[in-house]
Amino acid sequence: MNGNLTEGKIGTTLIKFAMPYLLAAFMQTFYGMADLMIVGLFNTASTTSAVAIGSQIMHMLTVIILGFAMGTTVHVGRCVGAKDKDGASKIVANSIYFFTAFAIVITAVLLICTRGIVKVMSTPPEAVTEAKEYLYICFIGLPFIIAYNVISSIFRGAGDSKRPMYFVAVACIVNIILDFAFIGRLGLGAKGAALATVLGQAVSVIVSLFSLKRINLNFSISLKDEKPDKDSILKILNVGTPVALQDGFIQIAFIVITIIANSRGLIDAASVGIVEKIICFIFLVPSAFLSAISAITAQNLGAGQMIRAKKSLYYGLIITVSWGIIVAIYCQFMPHTLVCLFTKEEPVLLAGCEYLRSYCFDATFAAVHFCFSGFFCGIEKSRLSFIHNLASVLLVRIPGTYFLSESFKNTLYPMGFAAPLGSLLSAVMCVCFYLYIKDDIGKGNINISGFEK
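Residues numbered from 1 in each chain as written. Predicted model: local features only at pLDDT ≥ 70, side-chain atom pairs only at ≥ 80, totals over all residues. Heavy atoms only, no water.

*Asks:* Provide a residue-level description of the overall build of the protein, including the pertinent values.
*Replies:* Within the protein one finds 16 helices and zero strands. The C-alpha radius of gyration of the protein comes to 22 Å, within 12% of the 22 Å expected for a compact globule of 453 residues. Taking the principal axes of the C-alpha coordinates as reference, the protein spans close to 60 × 45 × 35 Å. Sequence separation of 24 or more characterises 83% of the internal contacts of the protein that already satisfy a separation of 6 or more. For the protein, the exposed area adds up to about 19600 Å²; of that, 68% sits on carbon and sulfur atoms. (Helix = DSSP H or I, 4+ residues; strand = E, 2+ residues; numbered from the N terminus. Rg over C-alpha atoms; globule rule 2.2 N^0.38 Å. Contact = heavy atoms within 4.5 Å. Areas by Shrake-Rupley, 256 points an atom, 1.4 Å probe, with all protein chains shown as cover.)

This is the structure we're talking about:
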């Protein structure tokens, strides 16, 4: 397998690596929405509400798992770049050990806490039973979601972002086919949606395991030759934990903002929900480049090519900021073309356009801190990403949303500025962090555990 990210034109390498990740993220987002659409075709509002609430919880868990898996991607990439086959094998083996234990513990805890989770989410009484059924099934299948993301992180660290895209495609196809079978033909409702999701992930894991055994990653994967190693697990967690925490806080912030919007009434609640879906799609681009920059930075740092690693950051900034500017301009003049995809009700359409016009500036500012976050993860400084995201959420996003919501009761337009202002704070902090450590990075003095420079 040719997964060398330390050669060739850096701009071309970055785009080629990011595109499969972008397509994979798009498919993952699409089949998550497909569940809701298909449930809505065959069931009442209570079932749709149960699946919507359950899928929001599962999305948050998936994002946190992805954060932890970033530790595997970065360290595998570092070892591959340094041509350290034994180091890569050790990281992979200890990733398997850690995430197996993590899957067992988190599944047990979530199954015990399911009723409490449904209650905390203020689930409508009519949807409580189906929401619990949906989550029970999804929590039982959580080990498949963890396995898929860990295997994908191994491939991405080795420089292959295409195969994880194929794995998502398999899950997407199986999930949608089973949705129609379980929800439409068998009438299983929320249970059918959950079963389709879990079985889709299970098939994807089987395919990914087969690929992992068949494809030559240029290093061996064998638990027989590797025992659990505390230092290797700590390396993975040193990168993954801050990323998982920051992503968890961001998802919590989205939930809080949803609660604030719900308090304004049905029209504003629906409008905010629609715009959040649109923003999720818009953010797929900077998210893909975050992951690409982290993998490329890790490999090139391992190979001692720090200049090339920094160039990946600069190219990523140019591409994603350009994307953000285009999105902001488009949404100023034609927001209705996006909002009308989700609603035909005039009041919701107008309120959604107002909210999107102010919120869309987040695409530009977020592009900056997404790229820097990927770079910081690649040099094992993911704590910096955690700090700026936490500051953004606690100092601007949540209090700003609440203040603007209370101050302007008749329009969503001012409230939409809370998110871009939060991202602006993150972007400024990222630039300051980068300038502070830039000289050390250039001289090769950056403190990277396990890699002496």
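Next comes the rest of the account.
*Asks:* I'd love a proper account of the pattern of salt bridges, names of residues and values included.
*Replies:* Summed over all chains, the structure comprises three salt bridges. One salt bridge connects Arg 397 with Asp 362, and the closest N-O pair in it is separated by 3.5 Å. Taken together, the residues Arg 397 in helix α15 (residues 382–407) and Asp 362 in helix α14 (residues 362–378) connect sequence positions 35 residues apart. One exposure class covers both Arg 397 and Asp 362, and it is buried. Note that Lys 409 is salt-bridged to Glu 406, the shortest N-O span being 3.3 Å. Given the relative accessible area of 38%, Glu 406 is considered partly exposed. (Salt bridge = Lys/Arg side-chain N within 4 Å of Asp/Glu carboxyl O. Buried < 20%, exposed > 50% of the residue type's maximum accessible area, 1.4 Å probe, protein only.)

*Asks:* So what's going on with the side chain of His 369? Which residues, and what values?
*Replies:* Mapped onto the elements of the fold, His 369 is located in helix α14. His 369 sits in the buried class, given a relative accessible area of 5%. The residues touching His 369, leaving out its near neighbours within four places in the chain, are His 388, Asn 389, Ser 423, Ser 426, Ala 427 and Cys 430.

*Asks:* Tell me what's going on with the packing of helix α5 (residues 142–157) against helix α6 (residues 162–185), and back it up with residues and numbers.
*Replies:* Between α5 and α6, the shortest axis-to-axis distance is 8 Å and the interhelical angle comes to 155 degrees. Overall, the two elements α5 and α6 adopt an arrangement that is roughly antiparallel. Listed contacts from α6 to Tyr 148, Ile 151, Ser 152, Phe 155 and Arg 156 of α5 are Arg 163, Pro 164, Phe 167 and Val 168. Tallied by class, the residues present in the contact of α5 with α6 amount to six nonpolar, one polar and two charged. (Axes fitted to C-alpha atoms, helices over the stretch in contact; angles between N-to-C directions. Parallel < 35°, antiparallel > 145°, perpendicular 65-115°, else oblique. Nonpolar A, V, L, I, M, F, W, Y, C, P; charged D, E, K, R; others polar.)

*Asks:* Residue-level account of the side chain of Thr 73, with values.
*Replies:* You can see Thr 73 is positioned in helix α2 (residues 45–81). With relative accessibility at 6%, the residue Thr 73 sits in the buried group. Among the polar contacts listed, one links the side chain of Thr 73 to the backbone oxygen of Ser 153, at a separation of 3.2 Å. (Polar contact = N/O pair within 3.5 Å; in protein donor to acceptor, adjacent residues only side chain to side chain.)

*Asks:* Please give an account of the nonpolar core that cites residues and values.
*Replies:* Counting residues in hydrophobic clusters, the biggest one holds 57 residues, and the most contacted among them are Met 58, Tyr 134, Leu 135, Phe 139 and Ile 146. Broken down by secondary-structure element, the contributors of at least two residues to this core are α1 (10–42), α2, α3 (85–120), α4 (128–140), α5, α6, α7 (189–214) and α8 (230–262). Beyond its immediate chain neighbours, meaning those up to four positions away, Leu 135 contacts Gly 54, Ile 57, Met 58, Thr 114, Ile 117 and Val 118. (Core = buried A, V, L, I, M, F, W, Y, C linked by side-chain atoms within 4.5 Å.)

*Asks:* A description of unusual backbone geometry should follow, citing residues and the corresponding values.
*Replies:* Even without being glycine, Lys 83 reaches a positive phi, approximately 55 degrees. Here Lys 83 lies in the loop between α2 and α3. The backbone of Glu 380 sits at a positive phi, close to 60 degrees, despite the residue not being glycine. Here Glu 380 shows up in the loop between α14 and α15. Given a relative accessible area of 5%, Glu 380 falls into the buried group.

*Asks:* Explain the packing of aromatic side chains to me, and be specific about the residues and the numbers.
*Replies:* By the definition in use, this model includes 17 aromatic pairs. Taken together, a centroid distance of 5.3 Å and an interplanar angle of 90 degrees make the contact between Tyr 355 and Tyr 359 edge-to-face. Placement of the pair is Tyr 355 and Tyr 359 together in helix α13 (residues 346–359), with a separation of four residues, close to one helical turn. Note on accessibility: Tyr 355 and Tyr 359 belong to one class, buried. Three or more aromatic residues joined by ring pairs form one cluster here, namely Tyr 314, Phe 372, Phe 375, Phe 376, Phe 433 and Tyr 434. (Phe/Tyr/Trp six-rings, centres within 6.5 Å; stacked < 30°, edge-to-face > 60°.)

*Asks:* Describe the packing of α3 against α5, naming the residues involved and giving the relevant values.
*Replies:* A pair of packed helices is characterised by two quantities: the angle between their axes and the separation of those axes. In contact at an axis separation of 9 Å, α3 and α5 are set at 155 degrees when each is read in the N-to-C sense. If you check the angle between α3 and α5, you find them roughly antiparallel. The handedness of the crossing between α3 and α5 is right-handed. Touching Val 92, Ser 95, Phe 99, Phe 102, Ala 103, Ile 106, Thr 107 and Leu 110 of α3 are Leu 142, Pro 143, Ile 146, Val 150 and Ile 154, all from α5. (Left-handed = near helix turned anticlockwise from the far one by under 90°.)

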